[in-house]
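# Report on the structure
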Amino acid sequence: MKKILDVKDLSVSFETYGADVQAVRGISFELNEGETLAIVGESGSGKSVTAHSIMRIVPMPPGKFVGGSILFKGEDLTKKSETQMQNIRGKEISMIFQDPMTSLNPTMTVGNQIAESLIKHQKMTKKEAQKRGVELLRLVGIPNAETRIKQYPHQYSGGMRQRAMIAIALACNPKVLIADEPTTALDVTIQAQILELMRELQEKIGTAIILITHDLGVVASVASRVAVMYGGKIVETGNIDEIFYNPKHPYTWGLLGSMPKLNSKTEELLAIPGSPPNLANPPKGCPFVTRCPYAMKVCKENMPEYTRLSSTQQTACWLLDERAPKVDIPETAIVGGRKVHV
Ligand code: SF4
């Protein structure tokens, strides 16, 4: 598979009064043409800052690139001017957000919002853009597209707004679509429909997708690979089977343990106790050390290197060191009776 995006050793900080918040700390990952990579983690893990950095929509200042690169088709996006980025955003790399109401323009019809991007990037006439807009609304499953295209976002339901947002994002056939918590604001049935739509569209169009989410359940139905982020770092990566059936990082175990289980009367979730590290003063060693039930002395002092477990899985945890005690995956993290649809 051909690599379309190559993030290398990326670090992004935010200047605050007193200290820099090191939101992303030296992460590396690749995205191949036509694949879906999920970046999973709790809020504050750095996943959204990573997505916004690729789009170059992190406000700078207070944000700043501290190091590393984001290579898109071989060119470093961190070095592009705002004018150059305007030609990439929406055309080559698009983004959909959690709440479409904040990104859709309430004063413009959905048709005009789709047309705007087509006229700007594809040099279409208004008539051509409107025609393509109807096709796009049909593609994302909006009924009566000819009527709907003339309506305003407030005339759409929540699920339909998200579909319209996807239509706008896909208007110019982008190479990369970044979906930042695209289903979090939706109810469960609509969530499933939007995820199904994303999967169908990827099969049809072949756009590579980066799915940002805190919910491993969402990941299972759409992604082929997963990067687990914690404390500004990627702590484990693997394909979907490796992350669900052979995870090696205690934080991944915690995320799996906090997923809803089948046959559970209470639907009680096992939240990971404790809170994420303060990234204005990040821990010297493993970022998970204060919450990890298996933490050792070495974890406090030194950040673990990645251990390569397969051609697709690597994990940064001292438990994988040959001198560490042997720890089995806890019962709570074993995927069996879970609502997982891999
Ligand atoms: Fe836990 Fe240590 Fe592994 Fe970090 S390195 S996850 S603290 S065992």
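Just so we're clear, the structure is a prediction, and the values are computed from it rather than from any experiment. (Residues numbered from 1 in each chain as written. Predicted model: local features only at pLDDT ≥ 70, side-chain atom pairs only at ≥ 80, totals over all residues. Heavy atoms only, no water.)

## Notes on the packing of aromatic side chains
We count it as follows: Each aromatic pair joins two rings of Phe, Tyr and Trp (for Trp, the six-membered one) with centres within 6.5 Å, and gets the label stacked for planes under 30 degrees apart, edge-to-face for over 60, and tilted for any other angle. Runs of E in the DSSP output that reach at least two residues are strands. Runs of H or I that reach at least four are helices, and both are numbered from the N terminus. In this scheme, a residue with accessible area under 20% of its type's maximum is buried, one over 50% is exposed, and one in between is partly exposed, where area comes from a 1.4 Å probe on protein chains only.
What the rule picks out here adds up to four aromatic pairs. Where Tyr251 meets Phe288, the ring centres are 5.3 Å apart and the plane angle is 65°; that geometry is what we call edge-to-face. In this pair, Tyr251 sits in helix H11 (residues 250-257) while Phe288 sits in the loop between H11 and helix H12 (297-301), placing the two residues 37 residues apart along the sequence. Judged by relative accessible area, which is 0%, Tyr251 ranks as buried.

## Concerning helix H5 (residues 126-139)
Definition in use: Here a helix's expected span is defined as the number of its residues, less one, multiplied by 1.5 Å. To obtain the arc, one takes the directions from the helix axis to the C-beta atoms. The contact criterion used is simple: two residues touch if any of their non-hydrogen atoms lie within 4.5 Å.
The end-to-end C-alpha distance of H5 is 20 Å, a good match for the 20 Å that 14 residues give at a rise of 1.5 Å each. Among the residues making up H5, those that are buried are Ala129, Gly133, Val134, Leu136 and Leu137. The buried residues of H5 occupy one face: seen down the axis, they fall within an arc of 165°. Facing away from the buried side of H5, by more than 90 degrees, are the exposed residues Lys127 and Lys131. On its buried face, H5 sits against helix H4 (110-122), helix H6 (145-148) and helix H7 (158-170). Once H5 ends, the next one or two residues include Gly141, with phi positive near 80°.

## Digging into the pattern of salt bridges
Where we set the bar: Note on definitions: salt bridges are taken to be side-chain nitrogens of Lys or Arg within 4 Å of carboxyl oxygens of Asp or Glu.
The full count for this structure, using the stated rule, is 18 salt bridges. With a closest N to O distance of 3.0 Å, Glu42 and Arg291 form a salt bridge. Remark: Arg291 occurs in the loop between H11 and H12 and Glu42 occurs in the loop between strand E3 (36-40) and helix H1 (47-55); sequence separation between them is 249 residues. For Arg291, a relative accessible area of 9% puts it in the buried group. Salt-bridge contacts for Glu135 lead to Arg132; the nearest nitrogen and oxygen are separated by 3.2 Å.

## So, the nonpolar core
Side chains of a nonpolar character, in soluble globular proteins, are inclined to be buried together. Spelled out, the test is: For this analysis, a nonpolar core means a set of buried residues of the types Ala, Val, Leu, Ile, Met, Phe, Trp, Tyr and Cys, connected via side-chain atoms within 4.5 Å. Where each domain starts and ends comes from a domain assignment, either automatic or drawn from a database.
The biggest cluster of nonpolar side chains holds 66 residues, and the ones touching the most others in it are Ile114, Leu137, Ile166, Leu216, Val219, Phe244 and Tyr251. Counting residues per element, this core draws most heavily on H7, at eight residues. When residues of this core are assigned to domains, at least three fall in each of domain 1 (3-223) and domain 2 (229-339). The residues contacting Ile166, other than those within four sequence positions of it, are Ile96, Val140, Ile194, Leu197, Met198 and Leu201.

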